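Coordinate inspection notes
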Amino acid sequence: VTPADTLVQAWAIDDTITLDPAESFELSPAEFLGNAYDMLVRLDIDDTTKVRPGVAESWTVSDDGLTYTFKLKPGLKFASGNPITAKDVAWSFERVVKLDKSPAFILTQFGLTKDNVTEKAKAADDTTFVFTVDKSYAPSFVLNCLTATVGAVMDSKLVLEHVAPVTPTDDYKFDNDFGNGWLKTGYAGSGPFKIRDWRANEILVLERNDNYYGDKPALARVIYRHVKESATQRLMLEAGDIDVARNLEPGDLEAVSKNAELATTSAPKGTVYYISLNQKNPNLAKPEVRQALKYLVDYDAIGATLIKGIGEIRQTYQAKGVLGALDSNPFTFDVAKAKELLEKAGLKDGFSVTMDVRNTQPVTGIAESFQQTVGQAGVKVEIIPGDGKQTLTKYRARNHDMYIGQWGMDYWDPNSNAETFTSNPNNADDGTVKTLAWRNAWDVPELTEKTKAALLERDNDKRAAMYKELQQAALDTSPFVLIFQQTEVAGLRGNVKNYKLGPNFDSNFVAPVTKD
Amino acid sequence: MSSMETQAPARRANKRASAILKAVVSFVVIVGTTYLGLLAVTFFIGRIVPIDPVLAIVGDRAPAHVVERTRIEMGFNLPYYQQFYLYVKGVLSGDFGTSVLTTNPVMDDIRRVFPATMELATVGTVIGAAFGIPLGVLAAVKRGSLADQIVRIIGLIGYSVPIFWLGLLALLVFYARLGWTAGPGRIDVVFEYTFTPITGFFLLDAILNRDWAAFKDIFAHIILPASLLGYFSLAYISRMTRSFMLNELSQEYIVAARAKGLSETRIIWGHALRNAAVPLVTVIALSYAGLLEGSVLTETVFAWPGLGLYITNSLQNADMNAVLGGTIIIGSVFIGINLLSDLLYRMLDPRTRIR
Amino acid sequence: MSDTTMTRREWLLTDRPQSRTQARLGRAYVTWRRFTANRLAVIGLGIILLLLFVAAAAPLLAPHSPYIGDLRNARLLPPSSTYWLGTDDQGRDILSRLIYGSRLTLQVIVLVAIIAAPIGLLVGTAAGYAGGWIDAVLMRITDIFLAFPKLVLALAFVAALGPGIENAIIAIALTSWPPYARIARAETLTVRNSDYISAVKLMGASPMRIVLRHIMPLCISSLIVRVTLDMAGIILTAAGLGFLGLGAQPPLPEWGAMIASGRRFILDQWWVAAAPGAAILIVSLGFNLLGDGLRDALDTRSGGQ
Amino acid sequence: MNTLLHVEDLRVSFPTRTGVVEAVRGVSFALGQERLGIVGESGSGKSQTGRAIMGLTPQQAEIKARRLEFSGIDLLKASPAERRALRGNRIAMILQDPKYSLDPVMTIGRQIVETLRTHEKVGKAEARERALDMLAAVQIRDPKRVYDLYPHEVSGGMGQRAMIAMMLIAGPELLIADEPTSALDVTVQLDILRILDRLVIDRGMGLVFISHDLRLVSTFCDRVIVMYAGKIIEELKASELSQAKHPYTQGLLNCMPKIGADRHPLPVLDRQPEWLL
Amino acid sequence: MTPALSIDKLRVVYDDFIALKDVSLTVAQGESFGLVGESGSGKSTLLRAVAGLAPVSGGTIDVSGQRLGKSRDKAFYRQVQMVFQDPYGSLHPRQTVDRLLLEPLDIHGFADTEKRIQRALDEVGLGSGFRFRYSHQLSGGQRQRVAIARALILEPSILLLDEPTSALDASVQAEVLNLLEQVRRDRKLTFVMVSHDLGVITHMCERLMVMQGGEEIERLEAGDLATRNVAQDYTRNLLVASEGFVRDA
Ligand SMILES: Nc1ncnc2c1ncn2[C@@H]1O[C@H](COP(=O)(O)OP(=O)(O)OP(=O)(O)O)[C@@H](O)[C@H]1O
Ligand SMILES: Nc1ncnc2c1ncn2[C@@H]1O[C@H](COP(=O)(O)OP(=O)(O)OP(=O)(O)O)[C@@H](O)[C@H]1O
Ligand SMILES: [Mg+2]
Ligand SMILES: [Mg+2]
Ligand code: NI
């Protein structure tokens, strides 16, 4: 039985490899950082097309759309007791840009460079932070990006006590690591919780931050235990050794939901699952084949079985709830139609093709189902199973035929997925912007332009319309067979209250949770 | 007819010295070459695994230039021989590098996960031997009887039932339904704030801390996975015990022991088993080593933060420093156990004792 | 011949065989009789023969397709009169998959046996007979392979060769020879100084000839026994590799892979994993019984007359 | 002379896959405090006779006899525990090969003490004393040293002496020696025989001496039983062996090369089928 | 005439144990030479050294005037063959008599294998009925005959006999000894024979050497034993022992 003041969650947290917000880019740490750090602005989880204040009390956008001025809430403190000032915000931005780790592009896409960052992200006074972007982007885009964990406000004083010296090189011109080494396991934030301890693949402990300015969490601590197996989690939940089980598969989920002592909760997440068709394969490059394959997924059956409770059929690439998301599922399982299309493509007798599938559910199940259904139209799919990183390596090198995978949004804005699915600035093998379109060698200069344009549309409605257009184009021509959008589920003990999953992992807030 | 003459003391002393020297030299050579082999093979594996090691750190969504820079930072742009040289140099100075997955020095990680696995394997082997040996003896003594068949079937099930299946079933029955044991993990979260590991072997730590509540909890956690592993080693140990015992029981000295009027119990436990113990030591050592590396699935099912999981996870992420470190540790333990079993062998068997 | 009245049995059992074939047949017959006297061994043989039969006649026996299932309507059904052993998570008939899977299981076992055992045999006998530095080098290599975590090694091999069941088999074979080498070496050491090997040496036979023609045949029987005992382990290792995506490719009904995918349903739909589990158990039981029987039957030392 | 052992119509058979093997087919003799030799070629059933008396025949064997009695105790009716109490205590047996008959992982001293303490309630120190005395009695020169040696550390002759010490320490009334010297050098052989001889003379023990060496038996024993294919074909006084009537015994005696006798070729035994009956 | 076998200061060392200390001896062609001594005195070692089965660390061996080196070639094995002590251990347990006899012929590339095997079996008095038996289907005496047949099939001129009858019953021993005598006569073979039975040695050999502790202690003619004309106590002991047990007065 778990202690009354502690929420114990079982979750596969083996993807956590760093707790530095400037570096972390995976799912489970996003949740930890989302709870332990505060950003200038936060996503409004009640209306996900909007943002709400975080550290910033209010903000204004200049008329040319280039300057954003944030007014910080007064008298805020970090968990360490240090005051939160605009300097800390500016330094946090500088740190991200100069470290230039994986998520840094979320900020640098606004024109920040190592040389100009101190000018473009600047503290006007203790409570005013001024952020200057290079183009007049849609404000929603800019603000949405700032809700990402990379925008976390760091306790500069604390971090500076822990920087390690490094020898500058051509790639890295600074003489210290901005505390990156320390922050991989350390903590310097101001969120409702502080991170007390992390032991890789074992445990992560959050503790109430008494210096938090907002509503203090009801529980003294939240413990994440690394448990991988769904069945194991279920047994632990049933026995009361955990309060929340986070990786329940459909069967176990169903059992939990039927158990009177337990409850479930769920929320759609910004992750979509898709099958992609490499355009380097001449058969898959035929437009009719691309469309035919979209008719060869048994969406209904998959929805009712393999992803029941953990996903919802979705054939457009924007997640539900994102600005400009198109709710349209035009394809149904239709062998006759697919055959017709294949015949048009001159492949009446089908063809053979390989598909790289990572060894996790539900993708393996979907792949097997797909293998059977395309078989009915004469297409022979050979499944090449592999470990996650292995199939990815192949995928990123464009060496696959078909690939089944998922894509999670980098930040809560339609541009994130639009950019990766429908833009491909340089389709050459050595192209530097390796979007999903690039990975599948889908050369679409027009859509690329359109994606760019949408970014600069400052009228939210018009912007939304532009994204819908892009999604429609993808439905009609893209080599992406979108299948479903992930729903995150959690099994709860009956006495756990106010547990709510957010639309993103960094908005799975545990502060409001109470236990009876 | 060959003679068994006793040797002159002087020659024996001489022989002993040279035997010891020989043993030491061969030990050094064995360990040295085995290590080098391990290093080379692991390194080679790290290069041929078709996983991009950079991917593990930067993730799938990282921009291309970050991927490139990280690759260079990690030294993957260097030619292989240079990488190997750097690696061997590091290992020789006791530095296994840093795990990219956990960001800790590999040595630190191993210090954390290895005791977990070792504790589990040790308790498992103790259980396996405690039950396996008597069962094997029983089967041998009652060869062909129903008891023999039952022991055989028990063993066979141990061989052929997948561990995750049995593991989950055991959890379901003993933990979820009956509540006799604690669930997955090594210790309840309640102790997160009060229990501080010293050696990493939690049972031992609890005793050192005189924390009996924790001891009880730790014991309740370890007993199920350890019994499971114990069952698998039981399968092996009982089978081997049976065959060794059969061999010993057919020896002439058993007839002699009967001629002396000894009771069957004394003949079986005092003579036959004592002789069978000699090869059994090796068997138990081997099964122990097997449990150390082969417990990945148990560790997954029981959320046991052990070495098996660590290596597999690292492998899947091409975290080669961690894989290499783990491999070398397992290799070392293997060599160590082999050596130990050799030593025990010599102690148990006067014929191979260096006197 | 004068005694034409001899029955076939007498002809086989005679201690004065007239030709090489008769001697060989007679010996085989004696072995066979000794084997069949062991009822359990015969049961084991029966199981293996059944396995062979099922594998050969799979298309005739299987009531449904092993590959095509009805995801929508027939997923995870409990055993019933239509689906004797129930259905799996793709709505496929488990019995049919088991039946077809016997082919793969056989393939795994046979291939591992014919790759690993000869390698182990060769390395072990060569090391044991040659002694000296050859022994040291070969045993060092064996030790390195033994000291290596099997999974890492197997993974490396598969990585080098590419995924798929054949490669998984090769990987398992390449990681499972060291124990065989040790057994063969131990056996070789006990016979290498025996008079009959000395006698062959005295005929002027080359070491190669001695190892291949005189020592190896002696080690084979204990090796066969050990290999048959390892069968279940081999099947399960193949399944274990499946976890890492290195085993059988879907939708192949490999038994180990079936258990592996069935484990997700253990708590509610136990039959998905239980059926292939039971199949593996029975087959390995069969091999074990057969192995024990063979050991007794082949061992001329214990059962001379 | 009082009779220690009565054997009447002893039969030992082994069921095997190819039928029943009759190893001993109706052996009868009686033994007092004397040296009885049993000779015969390999496989003639000498050892099985001895083992049947001891109760050491393998489990599957079937033993039948009209009478098998040791100083008034009916051995066939005795419970296993009773027989065990007799073994090593009142009846003892020396096995052929010391190399295989001593437990390799136990010191010689402990093996001797073990016999003693199984049958008598004696303290550790006393048991040790008596074992050392016994070792000395079988003419081991340095008993203290040998006491702590392992079987592989002593020569065959010493091992055989230790074996004898082990079997005699409880003071048996009957000793069955199954080819006790055939693994030893001729010179050592005589030493051992001398020890056995003393025991019979000094302690009044009954001795069954099994051997295939006619010359040895004729010079050592009082009476000799000649066995062939599980049967006794002749029984006679040892000193009269050279006048044996049965052609088999005659043949065995004749076919041995003797120093000084120049017989080329040696006469060979011509087996007759009727001997089997 | 060159001696068939001449050994000079032969030394054999196992690990650090000297099994044979500078033993010399010469055996003339057609002669039969005996070796006696207690167990472990190095008798077998001497024969094995000649056959190339023991580690020679000093001294020389000449066969028919040819100096032998470290390794023996095929031609050597056509000249020198050996029969081992234990008939149960010297035949391969998985091979028929036929296969056993075929092996040497095969190695040396004889063509008329059929005829030779037949003849060899006849010579040792085993009819063709034994040809396809396995060794476990043979009695000890029969096995030793097969071993002798195998040794003779390559038509050697020197036969090394290591206690060829000590594992056999007296009655069988006589048959084997007679056989050996006969083939020696027929083929004009040179024998070097080890036995611990003085009776057997005097029966078979003209000269003999008594060994103890790896050394020669006495060289005798066969007749010396009969007349008890021996110098060493040890030899005398052996003689006494071979008479049987003598009860002290
Ligand atoms: N366990 C057994 N099963 C079947 N037959 C057996 C068994 N033990 C002994 N025999 C047979 O019993 C017969 C007599 O054996 P025994 O050991 O008494 O012979 P022996 O006269 O002592 O011969 P040796 O001089 O070789 O020791 C032999 O033919 C033997 O094959
Ligand atoms: N391979 C070996 N390694 C070590 N020592 C050996 C080896 N072979 C023989 N010896 C030793 O060499 C000595 C002489 O042995 P050898 O076999 O020549 O004696 P033997 O006279 O034939 O005795 P026996 O009558 O018992 O056959 C013995 O002490 C023996 O222990
Ligand atoms: Mg006997
Ligand atoms: Mg010898
Ligand atoms: Ni608990």
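Here is what the cut-offs are and how they apply
- Residues numbered from 1 in each chain as written.
- Chains lettered and ligands numbered in written order.
- Predicted model: local features only at pLDDT ≥ 70, side-chain atom pairs only at ≥ 80, totals over all residues.
- Heavy atoms only, no water.
- Helix = DSSP H or I, 4+ residues; strand = E, 2+ residues; numbered from the N terminus.
- Rg over C-alpha atoms; globule rule 2.2 N^0.38 Å.
- Buried < 20%, exposed > 50% of the residue type's maximum accessible area, 1.4 Å probe, protein only.
- Contact = heavy atoms within 4.5 Å.
- Areas by Shrake-Rupley, 256 points an atom, 1.4 Å probe, with all protein chains shown as cover.
- Expected span 1.5 Å × (residues − 1).
- Buried area = accessible area lost by both parts, 1.4 Å probe.
- Salt bridge = Lys/Arg side-chain N within 4 Å of Asp/Glu carboxyl O.
- Polar contact = N/O pair within 3.5 Å; in protein donor to acceptor, adjacent residues only side chain to side chain.
- Nonpolar A, V, L, I, M, F, W, Y, C, P; charged D, E, K, R; others polar.

This paragraph deals with the overall build of chain D. On a plain count of helices and strands, chain D comes out with ten helices and eleven strands. In terms of overall dimensions, chain D is globule-like: its C-alpha atoms have a radius of gyration of 19 Å, near the 19 Å expected for 277 residues. The principal-axis extents of the C-alpha atoms in chain D amount to approximately 60 × 50 × 45 Å. Buried residues in chain D amount to 55% of all 277 residues. Excluding contacts between residues fewer than 6 apart, the proportion of contacts in chain D whose partners are at least 24 apart in sequence is 66%. Approximately 11,400 Å² of chain D is accessible, and the part contributed by carbon and sulfur atoms is 48%.

With that settled, consider helix α7 (residues 156–168) of chain D. Given a rise of 1.5 Å per residue, 13 residues ought to cover 18 Å, and the 18 Å separating the end C-alpha atoms of α7 of chain D matches this to within 8%. Taken across its 13 residues, α7 of chain D has twelve buried, putting it largely inside the fold.

Take the interface of chain A and chain B next. Chain A puts 53 residues into the contact, and the matching count from chain B is 45 residues. For chain A, the biggest contributors to the area lost against chain B are I17, L235 and K389 of chain A; these three give 15% of the whole. Applying the counting rule to chain A against chain B returns two salt bridges. Close ionic contact of R69 of chain B with D100 of chain A constitutes a salt bridge, the shortest N to O distance being 3.6 Å. Connecting chain A to chain B are eight residue pairs in polar contact (both at pLDDT 80 or more). Where the side of chain A that touches chain B is concerned, the elements lending two or more residues are β8 (193–199), β9 (203–208), β10 (221–226), α8 (230–239), α14 (388–396) and β16 (402–408) of chain A. Split into classes, the residues belonging to the side of chain A that touches chain B amount to 20 nonpolar, ten polar and 23 charged.

Attention now goes to the environment of T16 of chain A. Checked against the element boundaries, T16 of chain A lands in the loop between β1 (6–11) and α1 (27–36). Relative accessible area serves as the criterion here: at 2%, T16 of chain A is assigned to the buried category. Along the sequence, T16 of chain A and S28 of chain A sit twelve residues apart, while their C-alpha atoms lie 6.1 Å from each other. Residue contacts for T16 of chain A: discarding those within four places in its chain leaves S28, P29, F32 and W198 of chain A together with L101 of chain B. Side-chain polar atoms of T16 of chain A contact the side chain of S28 of chain A, separated by 2.6 Å.

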